[in-house]
Amino acid sequence: MHAPLLVRREAAVLVLSNNDPATRNALSPEFYAALTQALVEAASDPTVGAIVLTGEGGHFCSGGNLNQLAKRRELPVEERRAKLEGLHDLVRAVRDCPKPVIAAVEGAAAGAGLSLALACDMLVAAKNAVFSVAYVKVGLTPDGGATAFLAEFVSRQVLTELCLTGERLSGERLAQLGPVNRLAEPGEALAQALVLARQIAAGPDQAMARIKHLCRQAPHHTLEEQLDMEAQYMVLSQETAESREGIGAFLDKRAPDYAPLRRAPD
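Residue positions within a chain follow its written sequence, with the count starting from 1. Owing to the predicted nature of the model, reporting of local features is limited to residues with pLDDT of at least 70; listing and counting of side-chain atom pairs is limited to 80 or more, with chain, interface and lining totals taken over all residues. Values shown for side chains rest on all heavy atoms present in the structure; no hydrogens or waters enter the calculation.

Draft legend 1. Highlighting the environment of Leu236. Helix numbers and strand numbers start at the N terminus; a helix is a DSSP run of H or I with at least 4 residues, a strand a run of E with at least 2. For Leu236, the location among the structural elements is in helix H10 (residues 223–238). A 1.4 Å probe rolled over the protein chains alone gives each residue an accessible area, and that area as a share of the maximum for its type sets the label: buried under 20%, exposed over 50%, partly exposed in between. Residue class for Leu236 comes out partly exposed when judged on its relative accessible area of 36%. Along the primary structure Leu236 and Ala207 are separated by 29 residues, whereas in three dimensions their C-alpha atoms are 9.4 Å apart.

Draft legend 2. Molecular detail of the pattern of salt bridges. Should a side-chain nitrogen of Lys or Arg be within 4 Å of a carboxyl oxygen of Asp or Glu, the pair is scored as a salt bridge. Counted under the stated rule, the structure contains 13 salt bridges. Salt-bridge contacts for Lys212 lead to Asp121; the nearest nitrogen and oxygen are separated by 2.9 Å. Taken together, the positions of Lys212 in helix H9 (residues 205–217) and Asp121 in the loop between helix H4 (112–119) and strand E6 (122–126) put the pair 91 residues apart, joining distant regions of the chain. By relative accessible area, Lys212 is classed as buried at 8%. Arg216 is the salt-bridge partner of Asp121, the closest N and O atoms lying 3.0 Å from each other. Linking Asp121 in the loop between H4 and E6 with Arg216 in helix H9, this pair joins segments that are 95 residues apart in sequence. Residue Asp121 is classed as partly exposed on the basis of its relative accessible area, which comes to 25%. For Arg216, a relative accessible area of 17% translates into the label buried. When salt bridges with common partners are traced through the structure, they connect Arg81, Glu85, Asp89 and Arg92 into a single cluster.

Draft legend 3. Molecular detail of the pairing of strand E4 (residues 101–105). Here E4 lies mainly inside the structure; five of its five residues are buried. Side-chain alternation along E4 places Val101, Ala103 and Val105 on one buried face and Ile102 and Ala104 on a second face that is also buried. DSSP-based pairing: two strands are paired if at least 2 bridges between them are found. Sheet topology places E4 next to E6; four bridges connect them, and they run parallel. When the bridges of E6 are listed, Ala103 appears paired with Leu123.

Draft legend 4. Spotlight on the nonpolar core. With 49 residues, the main nonpolar core has Leu123 and Phe131 as its most contacted residues. Contacts are residue-level and defined by heavy atoms, with any inter-residue pair within 4.5 Å sufficient. If we skip the residues at most four places from it in the chain, Phe131 touches Val105, Ala109, Leu114, Leu123, Ala125, Glu167, Arg168, Leu169, Ser170, Gly171 and Leu174. Working definition of a nonpolar core: buried Ala, Val, Leu, Ile, Met, Phe, Trp, Tyr and Cys residues. They are joined through side-chain atoms within 4.5 Å.

Draft legend 5. Just the sheet that holds strand E7 (residues 130–132), in detail. Pairing in this open sheet of three strands is mixed, and the strands run E5-E7-E8 from one edge to the other. In the strand order of this sheet, the two ends are held by strand E5 (108–110) and strand E8 (169–170), each with one partner. Sheet analysis places E5 next to E7, joined by three bridges and oriented parallel. The residue bridging Ala110 from the neighbouring strand is Ser132, located in E7. Axis definition: a line fit to C-alpha positions, over the contact stretch in the case of helices; interaxial angles, taken between N-to-C directions, run 0 to 180 degrees. On the sheet, H4 packs against E5 and E7 and is oriented at approximately 100° with respect to E5.

Draft legend 6. Inspection of the sheet that holds E4 at higher detail. Here six strands make up an open sheet; going across it, the order is E1-E2-E3-E4-E6-E9 and the pairing mixed. A strand with exactly one partner marks an edge of an open sheet, and here the two such strands are strand E1 (5–10) and strand E9 (182–184). Shown here is a sheet whose adjacent strand axes are inclined to one another by a mean of 20°, direction ignored. Relative to strand E3 (residues 50–55), strand E2 (residues 13–18) runs parallel, the two sharing six bridges. By the bridge assignment for E3, Val15 is matched with Val52. The strands touched by helix H1 (residues 29–43) within the sheet are E1, E2, E3 and E4, with E2 carrying the most contacts at an inclination of about 175°.

In structure tokens form, the structure reads like this:
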């Protein structure tokens, strides 16, 4: 049996790679559990500054394993729902992890694979990567937060079209719609994601966790709710060692060094 998830370090960047290239990295309960656990562990690891999520063999993730889904229809509704919660727990783990998570997408990101890519905080895509809300093609409906994440940057009309047609979008087309941070030449998505991740990993750990939370909540808050949260976090940030180092470095005309300030594991 191959390991469902490959884990390696690039200095302060943790690289997590879906490892089932024979199925174009289709999702499995084993992958859900392994990636969720890796994210939980990274959350309390002070040596991790950023996370890159990618896939082996030239594809990010082809979505749900249709052979498994075909067998699953025979299970009681409660068991089918419980198995789906593994995916949704993974999406929550990406959202709730205080470390910035960057998707590096080559090849296919379809169905729940698209959901997983969009769940990340940032997205680096190869120009020729293929994205699709593919569920309708096999008579299924979206899961993994696909409709929620897509609705953050496209109109209801475009969202409905994408979900009802299952249209295949290139990395370039998805970038035009909004969620792609960096477009890469084919084969270079991971390299560009690592450049971005290293830049972010050098930043202030606690401040970045609060910034990630602010960005996640902004689409769902009223202006007054968001102003209140921003005020709370600004007041908290002003008393941290990170802000003392950052402001001090600016006044001293030097680069800040946040590495010694990373919090110890809980």
